[in-house]
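Close look at the chain arrangement
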Amino acid sequence: MTLLILGVPGAAVLAALRVRGLAAMCLTPAVSVSIVSASAVVAPLIHLPWGWPVVLLGTCVTVTGAWLARRFIPALKTGPGSVAARRGASGSRGPVPAAAIGVLAALAITAVFLVVVSPSPEQFTQGYDSVFHLNATEYAVQTRNASSFGISSFILPSGRSVFYPAGWHGLASLLVLLTGISIPAAMNVLTLAVAGLVWPLSCVFFTRTLFGEKRSVLLAAGALSAAFPAFPYLLLQYGSAYPNLLSNAMVPAGAGLVLLIIRPPARPPLEPAMALAMVVLFLPGTAMAQPNGVFSILLVLTPLLVHRVYLWLRRGFRRGRRRGWALTAALAACVAAAAGILLSLPQFRSLFNYTSPAFLPFWLALVRNITHAPDPIWFPAVALTLLALYGAWTAARVHGMRWLPASLLLLSITYPLAAGTNLPVANVVMAPWWDNPERIAALMPLAAVPLAALGLGRLLDRVRARRFRLVSTRKGTTAAAAVLAVVLAFSNPGFWQMAGAVGQMYNVPPQPDRLAQVDAQELSLIRRLDTLTTSRDVIANNPYNGSALAMALAGRHMLFPYSSQGDLTADQYTLRFWLNRVGSDQAVCAAAKRLGVTYLLDFGTDYIPAFDNPKSLYPGVTLAGGTEGFTLVAREGHASLYKLTLCGGVPM
């Protein structure tokens, strides 16, 4: 079902545009993400509940628009985007099977990784952000609203809502609605699809745009995309940052499309006009997956963009000083306008409030980033590093792309800026990624994967030139690329170090553990809530002890569904500080009644890593268990469920 969600909408639109072959295969998921995300935004505006009919409607509208665009825009009627030109350009379907094999190899590697780290498809990562993403998906299912302008309402009880990129939650909630699987299972299935299919396909498209249709290189790009520990696996260990996982997975495809517009190769997979049309289809998905994906595309292409702007200005000055200064002024005005628009958005301004303290020496962070061994792993990926460097040399010397080594170098220094320095300028530069080392480390493979693929392909060509028997034929070279890519992934100790680190995030400890949201006792009680409470009950809780997960895992309404809630009502403030007085205090009782509180889920004072003293943030809830207002209903070890039986001196 996940394949249908990520495949059918995009495939229908690309068919209407007459995009075929490798480009269609690689770009289909990104277009599908855009359609699903945009449909989720439109649904509440036209008073339709979230579900497959809305996606079908969105697909039909987009297909109609694509068909009309191709019919009435002459630039979209010809070129490699059309069937006839596509056949004439490539002459065969050779690159598609090779790329498909590489992608399937990546899917297999990713599946092995996830099976190793997760004991069950029903398990979930216990990172700080996991609570929000699990509960947001449950909220979308409960309310049938997955809009990026509505998904944050569950942590803004006053009824307000702000923009939050909900592309991931739209996909996950749609999967739940279509199949009936649990929220954790949907997260795991979607993780496998995004990391094992969307990301490799995106890398293949970028590699094809850069280096052409050489089969061994395309196959290597697909397979090697699963070999780098920094992405997609690091974002599972941190967070889990599911929106960034989806956004990063589509960035190479976006970079390839922009490259086709500003510097198309001799035999492009798409003509510039068609690439521009694809950018229009691509951007909504990226913006509603995680907007920093747009900045990631610009970061990867920065050396090329700077060079193109320099050439543009130089041509202007050659035609006359007045023209040159006019172009300079126009450029400055555009930059200022873009900056003004971004800074007018409160969500963008808030990015500059986050800073990550340095925890590594700058030089060590640089070495670890270059060798694809960011924290928490330390073993360098020597072979992958050498292949990427060899690919960078080949790109510059053979393909004349000197900007690619510069791009690799630029990405190399981003992680040290976040992890190895406390300079204010570093925070400003890295603000789109919250100056967060993990999110920034995940950027390195964006350039490293295609370069390593080129390096591996070049290496096999040199071996073949020596008439080594196993790679003496084209099929032999392609097969060798597949085998080597898989070997490089599984023979890298850092790959298994990352598996161990991610496995810790999936682990459910038998006893309280500050590294986990919930332990086995707490999880056991959560799983009993469907027999102890009803879906109409509102359960009071301290969100810093993992109890908020009962929303996603048991489908219950939690008084405080997330620790970092952006707004609280007056009644919530009252219960947050004085719930322990509900049995005797009339004002507290009235607040509890207005909010519909009927139970208390008490997981004690084993708080998740957040602030120094979470108890002080919710003292009334923390002290309420066992007071005169609550009666014990069930207990699993230290985890307890109480029923509100006395309110303001009156039995309930």
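Residues numbered from 1 in each chain as written. Predicted model: local features only at pLDDT ≥ 70, side-chain atom pairs only at ≥ 80, totals over all residues. Heavy atoms only, no water.

**Digging into the overall build of the protein chain**
Rules: Runs of E in the DSSP output that reach at least two residues are strands. Runs of H or I that reach at least four are helices, and both are numbered from the N terminus. All radius of gyration figures rest on C-alpha atoms, and the globule criterion is 2.2 Å times the number of residues raised to 0.38. Relative accessibility under 20% of the residue-type maximum defines a buried residue, over 50% an exposed one, and the middle range a partly exposed one, all with a 1.4 Å probe and only protein chains included. A contact between two residues is defined here by any heavy atoms of the two lying within 4.5 Å. When charges are counted, Lys and Arg contribute as positive and Asp and Glu as negative, whereas His and the chain ends are disregarded. To locate a charge, take atom NZ for lysine, CZ for arginine, CG for aspartate or CD for glutamate.
Regarding its fold elements, the protein chain presents 29 helices and seven strands. Over its C-alpha trace the protein chain gives a radius of gyration of 26 Å, about what one expects of a compact globule, namely 26 Å for 652 residues. In terms of its C-alpha atoms, the protein chain occupies a principal-axis envelope of roughly 85 × 50 × 50 Å. When each of the 652 residues of the protein chain is scored for burial, the buried share is 55%. Restricting the contact set of the protein chain to residue pairs at least 6 apart, pairs at least 24 apart contribute 73%. Side chains of the protein chain carry 48 positive and 22 negative charges; the gap between the two charge centres is 26 Å.

**Points about the side chain of Asp537**
Quick reminder of the rule: Each salt bridge in this description consists of a side-chain nitrogen of Lys or Arg and a carboxyl oxygen of Asp or Glu lying within 4 Å of one another. Polar contact criterion, stated in full: a pair of N or O atoms within 3.5 Å, where within protein one must be able to donate a hydrogen and the other to accept it, and residues adjacent in sequence count only if both atoms are side-chain atoms.
Mapped onto the elements of the fold, Asp537 is located in the loop between helix H25 (529-532) and strand E1 (538-540). Within the buried set, Asp537 has no salt-bridge partner at all; the shortest N-O distance to an opposite charge, 5.6 Å, is to Lys643. A distance of 2.8 Å separates the side chain of Asp537 from the backbone nitrogen of Thr534, its partner in a polar contact. Not counting residues within four places of it along the chain, the set of residues in contact with Asp537 comprises His557, Thr598 and Tyr599.

**Some points on the state of the cysteines**
Rules: Cysteine sulfur pairs qualify as disulfides if the two atoms are within 2.5 Å.
Going through the model one piece at a time under the given rule, you end up with one disulfide. Across a sulfur-sulfur distance of 1.9 Å, Cys589 and Cys647 are joined as a disulfide pair. Taking the torsion about the sulfur-sulfur bond, which here is approximately 120°, the covalent link between Cys589 and Cys647 counts as right-handed. With Cys589 in helix H28 (residues 586-595) and Cys647 in strand E6 (residues 646-647), this residue pair connects regions lying 58 residues apart in the sequence. Across the pair, exposure class does not vary: Cys589 and Cys647 are buried alike.

**Comments concerning the packing of helix H8 (residues 183-211) against helix H9 (residues 215-224)**
The criterion, for reference: Fitted lines through C-alpha atoms serve as axes, helices being fitted only where they are in contact, and the angles separating the N-to-C directions of these axes extend from 0 to 180 degrees. For any helix crossing, the convention is left-handed if the near helix is rotated counterclockwise from the far helix by under a right angle, and right-handed if that rotation is clockwise. Basically, the charged four are Asp, Glu, Lys and Arg, the nonpolar ten are Ala, Val, Leu, Ile, Met, Phe, Trp, Tyr, Cys and Pro, and anything else, Gly included, counts as polar.
Viewed as axis vectors pointing N to C, H8 and H9 meet at an angle of 145°, and their least axial separation amounts to 8 Å. Handedness of the crossing formed by H8 with H9: right-handed. Contact with H8, carried on its side by Pro200, Cys203, Val204, Thr207 and Arg208, involves Val217, Leu218, Ala221 and Gly222 of H9 and no other residues of that element. Tallied by class, residues from the contact of H8 with H9 come to six nonpolar, two polar and one charged.

**A word on a nonpolar patch on the surface**
Our working rule: Patches in this entry comprise residues that are over 30% relatively accessible and not in a salt bridge; like charges within 9 Å are linked, as are nonpolar side chains (Val, Leu, Ile, Met, Phe, Trp, Tyr) within 5 Å. In this description, accessible areas are obtained by the Shrake-Rupley approach with a 1.4 Å probe, and a residue is regarded as covered only by the protein chains that are shown.
A grouping of Met1, Leu4, Val8, Trp52, Leu56 and Leu178 is seen on the molecular surface, where their side chains present a nonpolar patch of about 590 Å² in accessible area. Residue position: Leu4 is located in helix H1 (residues 2-16).

**Quick look at the sheet that holds E1**
Note the following rule: In this description, strands pair whenever DSSP reports at least two bridges between them.
A sheet is described by the order of its strands in space; here five strands give the open sequence E2-E1-E3-E5-E4, paired in mixed fashion. In this open sheet, the two strands that pair with only one neighbour each are strand E2 (557-558) and strand E4 (630-636). In terms of strand pairing, strand E3 (residues 597-602) meets strand E5 (residues 639-644) through four bridges, oriented antiparallel. In the strand pairing of E5, Leu600 is matched with Tyr642.

**Examining unusual backbone geometry**
Trans is the common state for peptide bonds, and a negative phi is the common state for residues other than glycine. Residue Pro232 follows Phe231 across a cis peptide bond; omega there is 15°. One can find Pro232 in helix H10 (residues 229-237). Of note, the amide linkage connecting Asp375 to Pro376 takes the cis form, showing an omega dihedral of 20°. By secondary structure assignment, the location of Pro376 is in the loop between helix H16 (362-370) and helix H17 (382-397). Here His372, not a glycine, exhibits a phi torsion of approximately 60°, which is positive.

**A word on a positive patch on the surface**
Side chains of Arg263, Arg308, Arg314, Arg315, Arg318, Arg319 and Arg323 sit close together on the surface and give a patch of like positive charge. Per-element accounting of the positive patch gives the leading share, four residues, to helix H13 (residues 292-318). When you line up the elements, Arg323 lands in helix H14 (residues 321-343). Judged by its relative accessible area of 43%, Arg323 is partly exposed.

**Regarding the pattern of salt bridges**
Within this structure, the stated rule accounts for five salt bridges. One salt bridge connects Arg439 with Asp129, and the closest N-O pair in it is separated by 3.9 Å. Here Asp129 lies in the loop between helix H5 (95-117) and helix H6 (130-143) and Arg439 lies in helix H20 (residues 437-441), a separation of 310 residues in the sequence. Neither residue differs from the other here; Arg439 and Asp129 are each classed as buried.

**Re helix H23 (residues 493-506)**
Using the following cut-off: Here the expected span of a helix is defined as 1.5 Å times the quantity of residues minus one.
Over its 14 residues, H23 runs 20 Å from end to end, which matches the ideal 20 Å to within 8%, given 1.5 Å per residue. Those residues of H23 that fall on the buried side of the exposure criterion are Gly494, Phe495, Met498, Ala499, Ala501, Val502, Gly503, Met505 and Tyr506. For H23, the side-chain oxygen to backbone nitrogen distance between the N-cap and Gly494 is 3.0 Å, and the N-cap itself is Asn492.

**Examining the nonpolar core**
Operational definition: As used in this record, nonpolar core signifies buried Ala, Val, Leu, Ile, Met, Phe, Trp, Tyr and Cys residues forming a set joined through side-chain atoms within 4.5 Å.
Judged by nonpolar contacts, the single largest core of 176 residues is most densely connected at Leu224 and Leu270. Counting residues per element, this core draws most heavily on H8, which supplies 16 residues. The contacts of Leu224, once residues within four sequence positions are left out, are Leu384, Val449, Ala452, Ala453, Leu456, Ala485 and Leu488. Core analysis: the second largest hydrophobic core is formed by 24 residues, Leu579, Ala591, Ile608 and Tyr642 among them.

**With respect to the packing of aromatic side chains**
This is how it is decided: Any Phe, Tyr or Trp ring, taking Trp's six-membered ring, that has another such ring centre within 6.5 Å forms a pair; planes under 30 degrees apart are called stacked, those over 60 apart edge-to-face, and the others tilted.
The final tally for this structure, using the stated rule, is 21 aromatic pairs. Note on Phe295 and Phe348: the rings are 6.0 Å apart at their centroids and 20° apart in plane angle, and the pair reads as stacked. Of the two residues, Phe295 is situated in helix H13 and Phe348 in helix H15 (residues 346-350); the sequence distance between them amounts to 53 residues. Relative to Trp325, the ring of Phe317 lies with its centre 5.4 Å away and its plane at 85°, an arrangement referred to as edge-to-face.

**Some thoughts on the pairing of E5**
Looking down a regular strand, the side chains alternate between one sheet face and the other. Extensive coverage of E5 is indicated by the burial of five of its six residues. Two elements, E4 and E5, share six bridges in a ladder whose sense is antiparallel. Across the sheet, the residue bridging to Phe630 is Leu644, located in E5. Between the end of E4 and the start of E5, which pair antiparallel, lie two residues, with Gly637 showing a positive phi angle near 65°.

**Things to note about the packing of H1 against helix H3 (residues 52-72)**
Note the following rule: Oblique is the label for any angle not covered by the other classes, which are roughly parallel (under 35 degrees), roughly antiparallel (over 145) and roughly perpendicular (65 to 115).
Interaxial distance between H1 and H3 falls to 8 Å at its minimum, and their mutual angle equals 15°. Taken together, the axes of H1 and H3 lie roughly parallel to each other. The hand of the H1/H3 crossing is right-handed. Residues Pro9, Ala12, Val13 and Ala16 of H1 form the contact with H3, whose participating residues are Val55, Thr59, Thr62, Val63, Ala66, Trp67 and Arg70. Partitioned by chemical class, the residues of the contact of H1 with H3 number eight nonpolar, two polar and one charged.

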